[in-house]
Amino acid sequence: MEFDPLSNKPSATELLLVMNNTLQYSLMDRSHIRACVDVVVKAFSTYEYFTNYFPNPSVRLQCMKRIIGAEYRTTFGLVPTLVARYQGQIAGVCQLFTPTYKKPSDLQYLLHGWLRVYLTPDRQAVDRWLQMDTQAGHPCHQLLGGTTWYLSSLVIDPSFQRQGIGRQFLLEHIEPYVKSHGGTQLVLFTNSEGNCRFYESLGYQLFHTTTFTHQDHTMGSWSYRKQL
């Protein structure tokens, strides 16, 4: 089925959109998964988080689409995925893990396309990336529970970056959403020094740092938390 990610035709979920200045917010609808995956792939395609492990651009895009697509399909309905629209287009996507989050089973991942992740030219790179991803998220997952939520990802489409959309999305919708559902602390990690400055400017405090080295490429990983 063809899907136009820039379509302005509202779904049932979008009819309940909350207007806030120039942004519109909603929970991700199942029909928008592909469009949201495309936004994440575009935004992360030049990040060391992926380029260090998948240096070949075509292989990297293929792996990213399959990894992120399987993740979004598997966790749909299990975790809140928030969407920000700007001028009718999907400008930002945020995936949150609630304190009661339980990782889906391997079978659930397989049923939602994870097997295709390994149908790539470099399975070993996938395994190494998965190991890094697990270790990078471990400090945050250790704090998950009680009233602590985990900001798994906050992504702004490159076409809408440097316009203050990420800041507005986080402060005016994501954090209030967590607070309205009983959350008192939000944790996250990033592998970009620029993102570190962004989160620190919004009151997030560093609580863990480490590095990952792969084929002579070293990448930092910084974990942050904020009391809401």
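Keep in mind that what you see is a predicted model, and the values were worked out from it rather than measured.

1. Here we look at the packing of aromatic side chains
For the coordinates displayed, the defined rule picks out 14 aromatic pairs. Between F97 and Y150 the ring centres are 5.4 Å apart and the planes differ by 80 degrees, which places this aromatic pair in the edge-to-face class. Taken together, the positions of F97 in strand β4 (residues 89-97) and Y150 in strand β5 (residues 148-156) put the pair 53 residues apart, joining distant regions of the chain. Each of the two residues, F97 as well as Y150, counts as buried.

2. A look at the pattern of salt bridges
The full count for this structure, using the stated rule, is two salt bridges. A salt bridge links K226 to E175; its shortest N-O distance comes to 3.2 Å. Placement of K226 in strand β8 (residues 217-227) and of E175 in helix α6 (residues 165-180) is noted, with a sequence separation of 51 residues between them. For the pair K226 and E175, a shared accessibility class is recorded, and that class is buried.

3. Topic: the packing of α6 against helix α7 (residues 193-201)
Between two packed helices, what matters for the description is the angle formed by their axes and the separation of those axes. The interhelical angle for the contact between α6 and α7, taken along N-to-C directions, is 45 degrees, at an axis separation of 11 Å. For the element pair α6 / α7, the angle class is oblique. Every pair of crossing elements has a handedness; the one defined by α6 and α7 is right-handed. Contact residues: G166, R167 and L170 in α6; F198, Y199 and S201 in α7.

4. A closer look at the packing of helix α1 (residues 33-44) against helix α3 (residues 57-75)
α3 packs onto α1 with a crossing angle of 135 degrees between their chain directions and a minimal axis gap of 9 Å. Taken together, the axes of α1 and α3 are oblique relative to one another. In this structure, the crossing between α1 and α3 has a hand that is right-handed. On the side of α1, the interface is formed by I33, C36, V37, V40, V41 and F44, while α3 contributes L61, M64, K65, I68, G69, Y72 and R73. Partitioned by chemical class, the residues of the contact of α1 with α3 number 10 nonpolar, one polar and two charged.

5. Examining α7
Where α7 starts, the residue carrying a side-chain oxygen 3.3 Å from the main-chain nitrogen of G194 turns out to be S192. Once α7 finishes, G203 follows within two positions and takes phi at roughly 95 degrees, a positive value.

6. So, the side chain of S221
Along the polypeptide, S221 turns up in strand β8. Engagement of the side chain of S221 in a polar contact is seen with the side chain of N191, the distance being 3.3 Å.

7. Some details on unusual backbone geometry
In this structure, Q87 is a non-glycine residue whose phi angle is positive, near 55 degrees. Of note, the phi angle at D216 is positive, near 70 degrees, even though the residue is not glycine. With respect to the secondary-structure elements, D216 resides in the loop between β7 (205-214) and β8.

8. So, the confidence of the model for the protein chain
Per-chain confidence: the protein chain averages 89 in pLDDT, with 91% of residues scoring 70 or above. When mean pLDDT is taken per element in the protein chain, strand β6 (residues 185-190) scores highest with 98 and strand β1 (residues 18-20) scores lowest with 44. Considering only residues more than four positions removed or in separate chains, one finds that residues 1-20, a stretch of pLDDT under 50, has 31 contacts.

The rules behind each value
For every chain, the first residue of the written sequence is number 1, and numbering continues from 1 onward in sequence order. This being a predicted model, a pLDDT of at least 70 is required before a residue's local features are given, and a value of 80 or more before pairs of side-chain atoms are given or counted; all residues contribute to the totals for chains, interfaces and linings. The side-chain figures draw on all heavy atoms in the structure; neither hydrogens nor water molecules are used. The criterion for an aromatic pair is that two Phe, Tyr or Trp rings (for Trp, the six-membered ring) have centres within 6.5 Å, with stacked assigned to planes under 30 degrees apart, edge-to-face to planes over 60 apart and tilted to the rest. Only runs of H or I of at least four residues qualify as helices and only runs of E of at least two qualify as strands under DSSP, and these elements are numbered from the N terminus. The buried label applies to any residue whose accessible area, calculated with a 1.4 Å probe on protein chains only, is under 20% of its type's maximum; exposed applies above 50%, and partly exposed to all values in between. Between Lys or Arg on one side and Asp or Glu on the other, a salt bridge is scored when a side-chain nitrogen of the former is within 4 Å of a carboxyl oxygen of the latter. Axis angles are defined between N-to-C directions and span 0 to 180 degrees, where every axis is a line fitted to C-alpha atoms and, for a helix, only to the segment in contact. Angular relationships are summarised with four words: roughly parallel below 35 degrees, roughly antiparallel beyond 145, roughly perpendicular across 65 to 115, and oblique for the angles in between. Definitions for this section: a left-handed crossing has its near helix turned counterclockwise from the far helix by less than a right angle. A right-handed crossing has that turn clockwise. In what follows, a contact means two residues having at least one pair of non-hydrogen atoms within 4.5 Å. Classification used: nonpolar for Ala, Val, Leu, Ile, Met, Phe, Trp, Tyr, Cys and Pro, charged for Asp, Glu, Lys and Arg, polar for all others including Gly. Pairs of N or O atoms are called polar contacts if they sit within 3.5 Å, as long as, within protein, a hydrogen donor faces a hydrogen acceptor (for residues adjacent in sequence, only side-chain-to-side-chain pairs). Confidence of the predictor in every single residue is expressed as pLDDT, which spans 0 to 100.

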